[in-house]
Amino acid sequence: MDSGRFCFLADRYYEDFPDEYLMRNKEVVDGVLRDRPCFFVFQDSVTPEILWLVPISSNYAKYKALYDKKVERYKKCNTIRFGEVLGKQAAFLIQNICPVTKEYIREVYVDKNGVEIQIDGRIAQDVITNAREVLAISKRGTKIIFPDANAIHKALCERVVSAKSEKALAGSVESV
């Protein structure tokens, strides 16, 4: 999946990584079960098989107020960013970022014509830049992300390495 696209998570992700701080999949809106949240995707800089997902929210006013409070207190806020998605203001919640592999992506977010949703490249770059900065801070031990993204990332990295080893071993056995 390309960086800068949007997707929805499979329920299995929440089963395999039961973290109470992960934004829940599916919610009831006006009595109807909806796919929420939608996630903005970008690739891990070290392990390309891992994708980072930043949930987006249409509750712009709520997160703008939170952003303003953080800026007032810390003079900066890189855990929440803003941009337009499908013509509406949205908040990109880097504070709720989580890593996945492709197997956990249920579907890509498409418009009514079946075209994958995209955003302006400047917004995408702003979100990715700030997310990478937040991830670096988190890796140094600061609790800046709500879910335990580092533990999930470590588990996914181990799975990726294991899968590569199994594939290499199967390839060497076939060549004998």
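Structural data are supplied above this passage.
Rules used throughout
Residues numbered from 1 in each chain as written. Predicted model: local features only at pLDDT ≥ 70, side-chain atom pairs only at ≥ 80, totals over all residues. Heavy atoms only, no water. Helix = DSSP H or I, 4+ residues; strand = E, 2+ residues; numbered from the N terminus. Buried < 20%, exposed > 50% of the residue type's maximum accessible area, 1.4 Å probe, protein only. Contact = heavy atoms within 4.5 Å. Areas by Shrake-Rupley, 256 points an atom, 1.4 Å probe, with all protein chains shown as cover. 1 Å grid on protein atoms, 1.4 Å probe; cavity = no way out; pocket = protein on both sides within 12 Å on 5 of 7 lines; lining within 4 Å. Points joined across faces, edges and corners; volume = space filled by probe spheres on them.

Novice: Can you walk me through the overall build of the protein in this structure?
Specialist: In terms of helices and strands, the protein carries four helices and nine strands. Of all 176 residues assigned to the protein, the portion counted as buried reaches 41%. Once local pairs closer than 6 in sequence are excluded, the contacts in the protein between residues at least 24 apart make up 67%. As presented, the protein carries roughly 10,200 Å² of accessible surface, and 52% of it is formed by carbon and sulfur atoms.

Novice: It is not clear to me how the layout of surface pockets should be interpreted in this structure. Could you clarify?
Specialist: Remark: the empty space left among the atoms is shown by a probe the size of a water molecule rolled over them. Roughly 200 Å³ of volume is contained in the second largest pocket. Forming the boundary of the second largest pocket are Lys70, Tyr74, Lys76, Cys77, Asn78, Thr79, Gln95, Ile144 and Phe146.

Novice: Looking at this structure, how should I read the side chain of Thr101?
Specialist: For Thr101, the position within the fold is in strand E8 (residues 98-101). Sequence-distant contacts of Thr101, that is, excluding residues within four places in its chain, are made with Glu49, Ile50, Leu156 and Val160.

Novice: Would you mind going over the environment of Leu156 with me for this structure?
Specialist: As for its position among the elements, Leu156 is in helix H4 (residues 149-174). Judged by its relative accessible area of 0%, Leu156 falls in the buried class. Sequence separation between Leu156 and Thr47 is 109 residues; the distance between their C-alpha atoms is 9.7 Å. For Leu156, the residues in contact, after removing those within four places along its chain, are Phe17, Ile50, Pro99, Val100, Thr101 and Tyr104.

Novice: Just to check I follow, could you spell out the environment of Cys98 for this structure?
Specialist: Of note, Cys98 is situated in strand E8. Looking at Cys98, the relative accessible area reads 2%, which means it is buried. Considering only alpha carbons, one finds Cys98 and Asp148, 50 residues apart in sequence, at a separation of 8.1 Å. Cys98 has contacts with Leu9, Tyr13, Leu22, Phe39, Leu51, Trp52 and Leu53, leaving out every residue within four places of it along the chain.

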